[in-house]
Amino acid sequence: MIEARMASADSGFITRPLEAPGFSGYLAQGGHKRRDPLAPPVERESRVAVPMREIVCYECGKTCSIPAAALSASCSHCSAHLNTDNITVKPGTRHLRVRTLGDVRIPSSVELSGLDVICHHLHMAGRVNGTLRATGNVTLAGHATVSGKLVADELIVQRGAKVEMQSGISVEHADVHGAFSGRLYARDSVHIYPGGKLNGPCCTPYLQIDPGGRHIGARETPDSSL
Ligand SMILES: [Zn+2]
């Protein structure tokens with residue numbers, strides 16, 4: 001190498017020391033973790049923020065954050081293992097206790113008694129006796145029938161559905177596109193769309209009925225709650 005440098009110097013080229021600038025300083029500082037201060041800037045690896053989502057633990061009821069893409073998680077409060085699967089309830093299943101942070105689907109072929117569900121969104125078209133709790137939306141479709149308890153954040157009665165709640169439902173907000181029979185308690189509001197029909201007492205501070213929508217039943221104030 002030295003010979004090569006000499007040769008190039010003889011032929012009129014200006015040679016520079018082979019040593020990288022600052023390299024001796026780098027070594028003198030002794031730390032292989034220290035970066036050569038004269039080296040071209042390397043794009044610093046930015047810390048990638050893992051997308052998180054807030055969930056409500058179905059065991060202790062407290063709110064905690066888990067990575068949005070997590071397939072399973074554990075509660076930071078009670079350490080319970082939390083399932084995040086989306087589950088379809090099968091007709092005749094013996095697994096009547098369903099707990100998931102994911103969504104649950106109850107097809108129209110399902111006819112079960114004693115079903116106990118806690119989930120995020122619930123799509124319900126079956127005939128069920130039990131307790132159904134959704135932290136997200138509950139969509140009622142087909143000829144869904146529920147006797148027992150149904151609690152959700154938002155209720156959507158699908159267009160064309162003809163559903164029956166034998167013991168009422170408690171939600172924040174309800175969008176009624178199809179026919180709903182039963183007592184409806186909505187802390188925020190109820191919207192009956194054209195073709196929507198609410199047959200039963202409606203307890204909400206704000207009821208909007210579009211032309212072509214109907215409400216048959218008593219209108220109650222939220223104070224006389226369920
Ligand atoms: Zn918990």
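Residues numbered from 1 in each chain as written. Predicted model: local features only at pLDDT ≥ 70, side-chain atom pairs only at ≥ 80, totals over all residues. Heavy atoms only, no water.

**Observations regarding the pairing of strand 13 (residues 154-157)**
Remember that side chains alternate between the two faces of the sheet whenever the strand is regular. In strand 13, alternate side chains face the same way, and those of Leu155 and Val157 are buried while those of Glu154 and Ile156 on the opposite face are not. As paired elements, strand 11 (residues 137-140) and strand 13 share four bridges and run parallel to each other. Paired with Val138 across the strands is Leu155, a residue of strand 13. Looking at chain direction, strand 13 and strand 15 (residues 169-176) are connected through four bridges and run parallel. The residue bridging Leu155 from the neighbouring strand is Ala174, located in strand 15. (Buried < 20%, exposed > 50% of the residue type's maximum accessible area, 1.4 Å probe, protein only. Helix = DSSP H or I, 4+ residues; strand = E, 2+ residues; numbered from the N terminus. Pairing = 2+ DSSP bridges.)

**Digging into the coordination of the zinc ion**
Tetrahedral coordination by four donors sets the ideal angle at the metal to 109.5 degrees; octahedral coordination by six donors sets it to 90 or 180 degrees. Around the zinc ion, the protein contributes the donor atoms Cys57 (SG), Cys60 (SG), Cys75 (SG) and Cys78 (SG), at 2.2 to 2.3 Å from the metal centre. Coordination geometry of the zinc ion: the four donor atoms subtend angles of 105 to 118 degrees at the metal centre, consistent with an arrangement described as tetrahedral. Taken in chain order, the donor set of the zinc ion reads C-x2-C-x14-C-x2-C. Among the residues examined, Cys75 registers a relative accessible area of 3% and is labelled buried. (Donors = N, O, S within 2.8 Å, 3.2 Å for Na, K, Ca; no water. Tetrahedral: all angles 85-135°; square planar, octahedral: opposite > 155°, others 65-115°.)

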